[in-house]
Amino acid sequence: MRGTSRASLAAVARRWEPVASAAGDEALRLADELFALVDALDSSGSLRRVLADPSSEPEVKAAVVTRLLQRADPRTVAVATDLVGARWSADRDLADAAQRLGVDAVLTAAEQAGQLDVVGDELFVITRALAGQRELRRTLHDPTVPPDQRAALIDAVLGGRAMPSTRALARRAAAAPRGRRFVAQLGDVMDLIAERFNRRVATVTVAAPLDGAQSERLASLLATALGRQVELNVIVDPTVVGGLRVQSGPDVIDATVLARLADARRRLAS
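Here's what I pulled together on the structure shown here. On a predicted model such as this, the values are computed, not experimentally measured, just so you know.

All right, on to the overall build of the chain then. If you tally the helices and strands in the chain, you get 13 helices and four strands. Taken over C-alpha atoms, the radius of gyration comes to 21 Å for the chain, in line with the 18 Å a tight globule of 270 residues would show. The proportion of buried residues among the 270 residues of the chain is 41%. Within the chain, contacts between residues separated by at least 24 positions form 72% of all contacts whose residues are at least 6 apart in sequence. By element, 52% of the accessible surface of the chain is carried by carbon and sulfur atoms, the whole surface being about 13,800 Å².

Checked against the element boundaries, Ala-175 lands in helix H10 (residues 164-175). Sequence separation of Ala-175 and Pro-143 is 32 residues, and the distance between their C-alpha atoms is 9.5 Å. What Ala-175 contacts, discounting residues up to four positions off in sequence, is Pro-147, Arg-150 and Ala-151.

All right, on to helix H2 (residues 27-43) then. Taking 1.5 Å of rise per residue, the 17 residues of H2 would be expected to cover 24 Å, and the 24 Å separating its terminal C-alpha atoms lies within 8% of that figure. Ala-27, Leu-30, Ala-31, Glu-33, Leu-34, Phe-35, Leu-37, Val-38, Ala-40 and Leu-41 are the residues of H2 that are buried.

Moving on, we come to the layout of surface pockets. Space inside the largest pocket adds up to approximately 590 Å³. In terms of lining residues, the largest pocket is bounded by 21 residues, among which Asp-96, Gln-99, Arg-100, Arg-180 and Asp-188 are the most central. At seven residues, helix H11 (residues 182-196) tops the list of elements feeding residues into the lining of the largest pocket. Residue classes in the lining of the largest pocket are distributed as nine nonpolar, two polar and ten charged. Of all elements in the fold, only helix H7 (116-129), H11, strand S1 (199-206) and strand S3 (244-248) reach the threshold of two or more residues within the lining of the second largest pocket. Among the elements that make up the lining of the second largest pocket, the one with the highest residue count is H11 (six residues). Residue classes in the lining of the second largest pocket are distributed as seven nonpolar, seven polar and six charged.

So, on to the nonpolar core. Judged by nonpolar contacts, the single largest core of 60 residues is most densely connected at Leu-123 and Phe-182. Among residues more than four places away in sequence, those in contact with Phe-182 are Ile-126, Leu-130, Leu-140, Ile-154, Ala-170, Ala-173 and Ala-174. Membership of the second largest hydrophobic core comes to eleven residues, among which are Val-204, Leu-218, Ala-219 and Leu-226.

Cut-offs used in this document
- Residues numbered from 1 in each chain as written.
- Predicted model: local features only at pLDDT ≥ 70, side-chain atom pairs only at ≥ 80, totals over all residues.
- Heavy atoms only, no water.
- Helix = DSSP H or I, 4+ residues; strand = E, 2+ residues; numbered from the N terminus.
- Rg over C-alpha atoms; globule rule 2.2 N^0.38 Å.
- Buried < 20%, exposed > 50% of the residue type's maximum accessible area, 1.4 Å probe, protein only.
- Contact = heavy atoms within 4.5 Å.
- Areas by Shrake-Rupley, 256 points an atom, 1.4 Å probe, with all protein chains shown as cover.
- Expected span 1.5 Å × (residues − 1).
- 1 Å grid on protein atoms, 1.4 Å probe; cavity = no way out; pocket = protein on both sides within 12 Å on 5 of 7 lines; lining within 4 Å.
- Points joined across faces, edges and corners; volume = space filled by probe spheres on them.
- Nonpolar A, V, L, I, M, F, W, Y, C, P; charged D, E, K, R; others polar.
- Core = buried A, V, L, I, M, F, W, Y, C linked by side-chain atoms within 4.5 Å.

What is shown is where atoms sit, not what they do.
Structure (structure tokens):
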């Protein structure tokens, strides 16, 4: 998103957060309604242009949204009206913003239930379970497979054992890829969860398991490199080149960077 769209999303999100928090478990239903709005926007270029056009009268756009969401909860209609009344740099940014608010609602429901950390762990387990399942990953991104069938595949993977918020997020990522790979979408959600804990998630691929002291030292070095507290998700892969690979969101950190940080720290301490 460009600056204008990011600012608009931030402003609407600030107003949406207390509404979603007060909704409790109903926040999951509100999220589903926002996702339905996203699907409508994604499927109709003319609708996106009308609702994202800054020259259109806000009252006209509000009327369109109200008709579109006539069976939705008033709280969903209100935030959708807020969204279309904001300014967006591109048509797609409106749909992206609605998608983000839907995800935020799901995470808020998990947070209110005291399950946010469990949801993050479950999402990570799902991504690891799919690591060696190339055909399943391909099916989850195959537009010729109906969305409900892709969501059913996720239900089969979860086996009824996941938290409601985990299931909602995973099913959404499968049913509506929106041009993204399933695992990449869940990675984005895990980053959002980490932000709520004021830390970043770093996926660390190592050739051999780390002990407690090694994990603590690595987390400290990454916090220095990334400028904030880091939560480690450790993957053991004996084939990893160089013995260590670190990725946090779009950032890939080479082991040599960490080595230089460690060396600098030793020099400062001496």
